[in-house]
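Below are the chains, spelled out letter by letter.
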Amino acid sequence: ATPTSIMVGTGKAAENGILFKGGEHLERTHELDAIVLDKTGTITKGKPEVTTFTADRETLQLLASAEKGSEHPLAQAIVAYATEEEVALSDAEQFQAVPGHGIEATVSAQTILVGNRKLMQDHGVAIGDAEQTLIEMEEAGETAMLIAVDGEYRGIVSVADTIKETAPDAIKALQDQGLTVMMLTGDNERTAQAIAKQVGIDDTISEVLPEDKAEKVKELQLQGHKVAMVGDGVNDAPALAIADIGIAIGTGTEVAIEAADITILGGELQLIPKAIKVSHATIRNIR
Ligand code: ADP
Ligand code: MG
């Protein structure tokens, strides 16, 4: 590989908004055969909105006050919804995120739990006949969360996050380049499948705890794959670091950008097949 052709390649990429951290990444990009994309904020816009809330106003007040302590996009959607509904929030006395499962907080001396089935199971909360509603929302690609106050199930809050308009074309281009394309998410399998279907992805790896994302990438590497990981969140950083090529979404967190080998500006997924195209053109020219 001549340094000049590598410089021309990374230069051409940069003109298109694809920032390689070093020339060596161009060569490894050329060798990729699998690509794993995070769901929220990578395939979707990462700006979820509340579509359904089944409980009363008092529960909304507790729910949103509890979520105020969370950085998660799901939490921001809930707080925005409560604000629209003109519910005044209070400060939680206590707040704890339960990674991959939800949150636990104390508001006005009441214990609030918000999260998935696992969170409720772990706290022994019976969810009554909520299962059917959950399934319906998940089949629509939404993330439905259960709410409990003082150990008692109160209702569901469901949010929808729309896919990026360019995601289906970008994924098609990656598949046409011969890559195995997969989606990785902490969200449940039904929601994951619904979103994957909308963008043309067949393989989903769902219900993955934040700390286990890197492990999933490692497993693919042990199967002999050269893997790219695409992500935006703090949670994605270890997986971006361990992947053969880590690709950060420019609109994502600083932590993800630091861990990655490539950053695509503006979160435009079309830049990923473009980066691969540039790598092929450059490396083939060298050889
Ligand atoms: P993702 O890969 O989409 O970022 P996470 O691992 O962050 O997913 O979250 C997995 C699941 O945990 C969510 O789908 C949701 O059910 C639950 N969860 C996470 N954070 C929150 C929160 N702040 N409030 C309620 N539920 C949450
Ligand atoms: Mg994300």
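Taking an unreviewed UniProt entry as the reference, the protein chain is identified by name as Copper-exporting P-type ATPase belonging to Alkalibacillus flavidus.

Draft legend 1. Summary view of the coordination of the magnesium ion (ligand 2). At 2.0 to 2.3 Å from the magnesium ion (ligand 2) lie its protein donor atoms, namely Asp-38 (OD), Thr-40 (O) and Asp-232 (OD). Read in sequence order, the donor residues for the magnesium ion (ligand 2) give the motif D-x1-T-x191-D. Here Asp-38 falls in the buried class, since its relative accessible area comes to 4%. Here Thr-40 falls in the partly exposed class, since its relative accessible area comes to 27%.

Draft legend 2. Structural view of unusual backbone geometry. A positive phi angle is found at Glu-86, which is not glycine, with a value near 55 degrees. Within the element layout of this structure, Glu-86 appears in the loop between α5 (73-84) and β4 (94-98). Phi at Ala-109 is positive, roughly 60 degrees, even though this residue is not glycine. Turning to its location among the elements, Ala-109 is positioned in the loop between β5 (102-107) and β6 (110-115). With a relative accessible area of 64%, Ala-109 lands in the exposed category.

Draft legend 3. Spatial organisation of the sheet that holds strand β13 (residues 262-264). Here we have seven strands laid out as an open sheet, ordered β1-β13-β12-β11-β2-β9-β10, and mixed in their pairing. Only two strands of the sheet have a single partner each, and these edge strands are β1 (18-20) and β10 (203-205). Taking the axes of each pair of neighbouring strands and ignoring which way they run, one obtains an average angle of 20 degrees across the sheet. Taken together, the four bridges between strand β2 (residues 34-38) and strand β11 (residues 227-231) define a ladder with parallel strand orientation. Bridge pairing in β11 links Val-36 to Met-229.

Parameters at a glance
Residues numbered from 1 in each chain as written. Chains lettered and ligands numbered in written order. Predicted model: local features only at pLDDT ≥ 70, side-chain atom pairs only at ≥ 80, totals over all residues. Heavy atoms only, no water. Donors = N, O, S within 2.8 Å, 3.2 Å for Na, K, Ca; no water. Buried < 20%, exposed > 50% of the residue type's maximum accessible area, 1.4 Å probe, protein only. Helix = DSSP H or I, 4+ residues; strand = E, 2+ residues; numbered from the N terminus. Pairing = 2+ DSSP bridges. Axes fitted to C-alpha atoms, helices over the stretch in contact; angles between N-to-C directions.

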